Amino acid sequence: MQIFLDAVGQIGGLLLLAIVIGAQFFCGMSSVTANSRMIYAFSRDGALPGSAFWHRINPRTRTPTNSIWLAAVAAFILGVPYLWSPTAYAAITSIAVIGLYIAYIIPVYLRLKAGDQFKRGPWHLGRWSRSIGIINVIWVIFISLLFILPPVSPVTVNSFNYAPVAVLTVLAFCTAYWMISARRWFNGPKVQGTAEELATIERELTMASAE
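My aim in this report is to walk through the structure given alongside it, one point at a time.

Turning next to the overall build of the chain. The number of helices and strands found in the chain is seven helices and zero strands. Its C-alpha atoms give the chain a radius of gyration of 22 Å, more than 25% over the compact-globule value 17 Å for 211 residues. By principal-axis analysis of the C-alpha atoms, the chain measures approximately 60 × 50 × 40 Å. Counting every position in the chain, which comprises 211 residues, the buried fraction comes to 17%. For the chain, the proportion of contacts with a sequence separation of at least 24, taken over those separated by at least 6, is 52%. Accessible surface for the chain amounts to roughly 15,700 Å². Of this, 71% is attributable to carbon and sulfur atoms.

Put into structure tokens, the structure is as follows:
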């Protein structure tokens, strides 16, 4: 903000700040939307604890309100430590980047692992598929290592980057959840979206709204 004020004065600086605030707001809304959609999809497949609750659709708004609130509250809780620790902010941004990269690269890695057994769709990268996939995996490993490094030196309790701890905690929870329970009953995503299924869902929501 000070740079804005020094460069273009108070009025121009406030206008630029308003643009930044607006961009952050819409970025936050898109993040909550994407996050709540993933929560809804996972709970639809029964892959989350309490899936029946998170998968519930609000009959008035036709949106998964419970999933939206879970996404918003979880993000708020994750951001609270930043109020008293700048190190927490660095860790939070690192967690977001690492988590996205890991989510993006898992399908690429599984594709490489499958090799010729993988059945290609109508659009693919042809003979460049494997080489591009390998480059992607190497890049994600490299960038993830960068984001788990401490932001300053020497490393202390206050300057330590806690992103790898958080990521490993999530991975450990998911792995334990899979080994202990989910692998016995989870059969993959549920295909949903035919005209008949959507009509049935709409009738149920209409009846619930009328009640």
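A packed helix pair is summarised by two numbers, namely the angle formed by the two axes and the spacing between the axes. The interhelical angle for the contact between helix H4 (residues 86–114) and helix H6 (residues 163–180), taken along N-to-C directions, is 45 degrees, at an axis separation of 8 Å. The orientation of H4 relative to H6 falls into the category oblique. As for how H4 packs across H6, the hand of that crossing is right-handed. Packed against H4, whose contacting residues are Ala-91, Ser-94, Ile-95, Ile-98 and Ile-102, the element H6 presents Ala-163, Ala-166 and Val-167 at the interface.

In this section: the environment of Val-157. Its place among the elements puts Val-157 in the loop between helix H5 (129–147) and H6. Its relative accessible area of 65% is what places Val-157 among the exposed residues. Distance in space between the C-alpha atoms of Val-157 and Phe-76 is 23 Å, their sequence separation being 81 residues.

This part takes up the pattern of salt bridges. Under the defined criterion, the tally for this structure stands at one salt bridge. Between Arg-44 and Asp-45 there is a salt bridge, and its shortest N-O distance comes to 3.1 Å.

Once that is clear, we can look at H6. Relative to the 26 Å expected for 18 residues at 1.5 Å per residue, H6 spans 26 Å between its end C-alpha atoms, a close match to the ideal helical length. Within H6, burial applies to Ala-163, Pro-164 and Val-167. Projected onto a plane normal to the axis of H6, the buried residues spread over an arc of 90 degrees and lie on a single side. In H6, the exposed positions that point more than 90 degrees away from the buried face belong to Phe-173 and Ile-180. Here the buried face of H6 lies against H4 and H5.

With that settled, the discussion passes to unusual backbone geometry. The phi torsion at Arg-62 lies on the positive side, around 60 degrees, for a residue other than glycine. One can find Arg-62 in the loop between helix H2 (51–54) and helix H3 (65–79). The class for Arg-62 is partly exposed, based on a relative accessible area of 35%.

On the surface, Val-155, Val-157, Phe-160, Tyr-162 and Val-165 cluster together to form a nonpolar patch covering roughly 440 Å² of accessible area. Tracing the backbone through its elements, the reader meets Phe-160 in the loop between H5 and H6.

At a minimum axis distance of 8 Å, the contact between helix H1 (residues 2–44) and H3 shows a crossing angle of 125 degrees. Between H1 and H3, the angle is such that the two are oblique. For the element pair H1 and H3, the recorded crossing hand is right-handed. For the pair H1 and H3, the contacting residues are Val-32, Asn-35, Ser-36, Ile-39 and Tyr-40 in the first and Ser-67, Ile-68, Leu-70 and Ala-71 in the second. Of the residues in the contact of H1 with H3, the class split is six nonpolar, three polar and no charged.

Moving on, we come to the environment of Thr-61. Mapped onto the fold, Thr-61 is located in the loop between H2 and H3. Residue Thr-61 is classed as partly exposed on the basis of its relative accessible area, which comes to 33%. In the structure, Thr-61 is positioned 45 residues away from Ile-106 in sequence and 34 Å away in space, judged by C-alpha atoms. Side chain to side chain, Thr-61 and Thr-63 meet in a polar contact 2.6 Å long.

Conventions and cut-offs
Residues numbered from 1 in each chain as written. Predicted model: local features only at pLDDT ≥ 70, side-chain atom pairs only at ≥ 80, totals over all residues. Heavy atoms only, no water. Helix = DSSP H or I, 4+ residues; strand = E, 2+ residues; numbered from the N terminus. Rg over C-alpha atoms; globule rule 2.2 N^0.38 Å. Buried < 20%, exposed > 50% of the residue type's maximum accessible area, 1.4 Å probe, protein only. Contact = heavy atoms within 4.5 Å. Areas by Shrake-Rupley, 256 points an atom, 1.4 Å probe, with all protein chains shown as cover. Axes fitted to C-alpha atoms, helices over the stretch in contact; angles between N-to-C directions. Parallel < 35°, antiparallel > 145°, perpendicular 65-115°, else oblique. Left-handed = near helix turned anticlockwise from the far one by under 90°. Salt bridge = Lys/Arg side-chain N within 4 Å of Asp/Glu carboxyl O. Expected span 1.5 Å × (residues − 1). Arc of directions from axis to C-beta. Patch = residues over 30% accessible without salt bridge, like charges linked within 9 Å, V, L, I, M, F, W, Y side chains within 5 Å. Nonpolar A, V, L, I, M, F, W, Y, C, P; charged D, E, K, R; others polar. Polar contact = N/O pair within 3.5 Å; in protein donor to acceptor, adjacent residues only side chain to side chain.

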